[in-house]
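Topology and contacts: notes
The chain contents come next:
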Amino acid sequence: MTPGGSSSLPGVVVVTGVSRYLGAHVAARLAADPRIERVIGIDLPDPSPEVAGLLEQVERIRLDTGSVSGLLADLDVDTVVHLALVSAPDQQQGGRSAMKEQNVIGTMQLLAACQRAPRLRKLVVRSSTAAYGASFRDPAVFTEETEPREVPRGGFGRDILDIEGYVRGFRRRRPDVTATVLRFAPFIGSTADTTLTRYFSLPVVPTILGRDARLQFLHFDDALEVIHRSVTEEHPGTYNVAGPGVLAMSQAIRRAGRVAVPILEPGLSGAAALARTMGLGRYGLDQVDLLVHGRVVDITRLEREYGFTPRSTAAAFDDFIRAHHGRSVVTREQLAAAEKLVLEQIRRVRAAVREQQ
């Protein structure tokens, strides 16, 4: 296949998860493409105020992914873009059980509906480099064929492995459908709001004593570009999608103008506790393991098949820093709570060192 190879353009596109940040931006971008006849966004909750304005040209239907079977057939849908995934459990929304219901069961039901949709010709599924896990056993670089050395500890990574398994089964049953799986590195950029951007917005950043994780990021705008090309071009298969190059954790913290405070790895929960105390998001084991061990993937297949290279990890991170420069990211109360937790971690480190002497 030549880079950017195209076939007949989609007529009716369904995008799942449009009430969320990624889904809303993808649906809006596809709706603005005059080559696409119709974009239908499905999600059960209403969109948040920050993304509601993006959906003016998108037909919205309140459905969950398990209830789309009739919709796909009735509206002659030929393309489905599945983005309705939850990356970390939210105890207020049902915790881990609700997360798995959304990710795994929801995807399984959607794929069953896609299998019965006679006009379906293309399926694009959001995945994640979390499929590789993150541990001290990892290779320096993961390719799409690399098997994880260990099953990911976090629920999101395990969900991703299940989801990709279901997509492989779908491909066998519907070889006439172009199925594209996009393993995204963590998003960053001027507009992205994720657990990692909130982590690097902390005034003091907990790190792991003796470790300097190698990180890759993906600029949010480049993620939109890859999804758009996946819809309008033919790219069957699984692709790593990340910015070229690597940033060490220490480099990223310096670029962000933050102060790193090392903690002992057995006290790793302190990093998650710090974030929760400051109201900066939920941190699951997937995110914690990434911050400890890092993860780097090869994007040769993406560059070859798409004829596109995302901006570098460093450039994407610098765009995030420019957008947040000079912005107050914490209140005095949050800063006081952070200082208290950091001092507690320092006391633990000193006590552990004394015990070893």
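The structure this text deals with has already been given above.
Now for a description of the structure that goes with this document. Counting restarts for each chain: residues are numbered from 1 in the order of the written sequence. Two thresholds apply to this predicted model, a pLDDT of at least 70 for residue-level local features and 80 or more for giving and counting side-chain atom pairs, whereas whole-chain, interface and lining totals are computed over all residues. Only hydrogens and water are removed before side-chain values are computed, so all heavy atoms of the structure are retained for them.

Points about the overall build of the protein
What counts as a helix is a DSSP run of H or I of at least four residues, what counts as a strand is a run of E of at least two, and both are numbered from the N terminus. Assigned secondary structure in the protein consists of 13 helices and 13 strands. Note on classification: 1.4 Å probe, protein chains only; a residue is buried when its accessible area is under 20% of the maximum for its type, exposed when over 50%, partly exposed between these limits. Out of the 357 residues in the protein, the part that is buried amounts to 53%. The contact criterion used is simple: two residues touch if any of their non-hydrogen atoms lie within 4.5 Å. A sequence separation of at least 24 residues applies to 82% of the contacts in the protein between residues at least 6 apart. The accessible surface values rely on the Shrake-Rupley method and a 1.4 Å probe; as for residues, cover is taken only from the protein chains in view. Here the protein has roughly 15,800 Å² of accessible surface; of this, 50% comes from carbon and sulfur atoms.

A word on helix α12 (residues 313–324)
Expected span of a helix, by definition, is 1.5 Å for each gap between consecutive residues, and there is one gap fewer than residues. The first and last C-alpha atoms of α12 sit 17 Å apart over 12 residues, in line with the 16 Å expected at 1.5 Å per residue. The set of residues buried in α12 consists of Thr-313, Ala-316, Phe-317, Asp-319, Phe-320, Ile-321 and His-324. Its buried side turned inward, α12 meets β7 (187–188), α6 (195–199), β9 (214–215), β10 (218–219), β12 (247–248) and α8 (249–255).

Structural notes on the pairing of strand β6 (residues 178–184)
Counting buried residues along β6, 7 of its 7 residues qualify, which places the element largely inside the surrounding structure. With burial as the criterion, each face of β6 is covered, one bearing Thr-178, Thr-180, Leu-182 and Phe-184 and the other bearing Ala-179, Val-181 and Arg-183. One ladder, built from 7 bridges, connects strand β5 (residues 122–128) with β6; its direction is parallel. Bridge pairing in β6 places Lys-122 opposite Thr-178. Handedness of a crossover is defined as follows: with both strands directed away from the viewer, a clockwise route from the first strand across the helix to the second makes it right-handed. Read as a crossover between parallel neighbours, the route from β5 over helix α5 (residues 155–173) to β6 is right-handed. One bridge is not enough; two strands pair if DSSP finds at least two bridges between them. Pairing geometry for β6 and strand β11 (residues 237–241), over 5 bridges, is parallel. Within β11, the residue paired with Val-181 across the bridge is Thr-238.

A short note on the sheet that holds strand β1 (residues 12–16)
Read from one edge of the open sheet, 7 strands run β3-β2-β1-β4-β5-β6-β11, paired in parallel fashion. Single-partner strands in this sheet number two, and they are β3 (59–61) and β11. The sheet shows a mean angle of 20° between the axes of neighbouring strands, direction not considered. On top of the sheet, helix α1 (residues 21–31) reaches β1, β2 (38–42), β4 (79–82) and β5; it is set at about 165° to β1, its chief contact. Here the axes come from fitting lines to C-alpha atoms, over the contacting stretch only for helices, and the angles between their N-to-C directions go from 0 to 180 degrees.

Brief notes about the pattern of salt bridges
Whenever Lys or Arg places a side-chain nitrogen within 4 Å of a carboxyl oxygen from Asp or Glu, that contact is recorded as a salt bridge. Throughout the structure, instances matching the rule amount to 18 salt bridges. For Arg-38, the salt bridge goes to Glu-59, with nearest N and O atoms at 2.7 Å. Here Arg-38 is found in strand β2, whereas its partner Glu-59 is found in strand β3, with 21 residues between them in sequence. Assessed through its relative accessible area of 34%, Glu-59 is described here as partly exposed. One salt bridge in this structure joins Arg-121 and Asp-176, with 3.5 Å as the shortest N-O distance. One end of the pair, Arg-121, is in the loop between α4 (95–115) and β5; the other, Asp-176, is in the loop between α5 and β6, and 55 residues separate them in sequence. Relative accessible area serves as the criterion here: at 41%, Asp-176 is assigned to the partly exposed category. Because the salt bridges share partners, they merge into one network encompassing Arg-29, Glu-225 and Arg-229.

Here's the deal with unusual backbone geometry
One non-glycine residue, Asp-76, lies in the positive phi region at around 55°. Looking at where Asp-76 falls in the secondary structure, it is placed in the loop between α3 (69–74) and β4. Given the relative accessible area of 40%, Asp-76 is considered partly exposed.

Some points on the packing of aromatic side chains
By convention, a stacked pair of Phe, Tyr or Trp rings (six-membered ring in the case of Trp) has centres within 6.5 Å and planes under 30 degrees apart, an edge-to-face pair has planes over 60 apart, and any other such pair is tilted. The tally for this structure, following the rule as stated, stands at 10 aromatic pairs. Summarising the aromatic geometry, the rings of Tyr-199 and Phe-200 are spaced 5.1 Å apart at their centres and angled 80° between planes, so their arrangement reads as edge-to-face. Residue class for Phe-200 comes out buried when judged on its relative accessible area of 1%. Here Phe-217 and Phe-317 contribute two aromatic rings whose centre-to-centre distance is 5.5 Å and whose plane-to-plane angle is 20°, an arrangement assigned as stacked. Taken together, the positions of Phe-217 in the loop between β9 and β10 and Phe-317 in helix α12 put the pair 100 residues apart, joining distant regions of the chain. Through a chain of ring-to-ring contacts, the aromatic side chains of Tyr-199, Phe-200, Phe-217, Phe-317 and Phe-320 assemble into a single cluster.

Considering the nonpolar core
In terms of nonpolar packing, the biggest core is built from 39 residues, with Val-15, Val-26, Leu-30, Val-81 and Leu-182 touching the most fellow members. Elements supplying a minimum of two residues to this core: β1, α1, β6, α7 (220–232), β11 and α11 (300–306). Val-15 has contacts with Gly-23, Val-26, Ala-27, Leu-30, Val-39, Ile-40, Gly-41, Ile-42, Val-81 and Leu-83, leaving out every residue within four places of it along the chain. Only buried Ala, Val, Leu, Ile, Met, Phe, Trp, Tyr and Cys residues count toward a nonpolar core, and they belong to the same one when joined by side-chain atoms within 4.5 Å. With 29 residues, the next largest nonpolar core counts Ile-42, Leu-111, Val-125 and Val-177 among its residues.

Observations regarding α7
In an α-helix, one full turn covers 3.6 residues, which means residues spaced three or four apart are oriented alike. Taking 1.5 Å per residue, 13 residues should reach 18 Å; α7 reaches 19 Å between its end C-alpha atoms and fits that length. Most of α7 is tucked away: 12 of the 13 residues are buried. For α7, the complete set of buried residues consists of Phe-220, Asp-222, Ala-223, Leu-224, Glu-225, Val-226, Ile-227, His-228, Arg-229, Ser-230, Val-231 and Thr-232.

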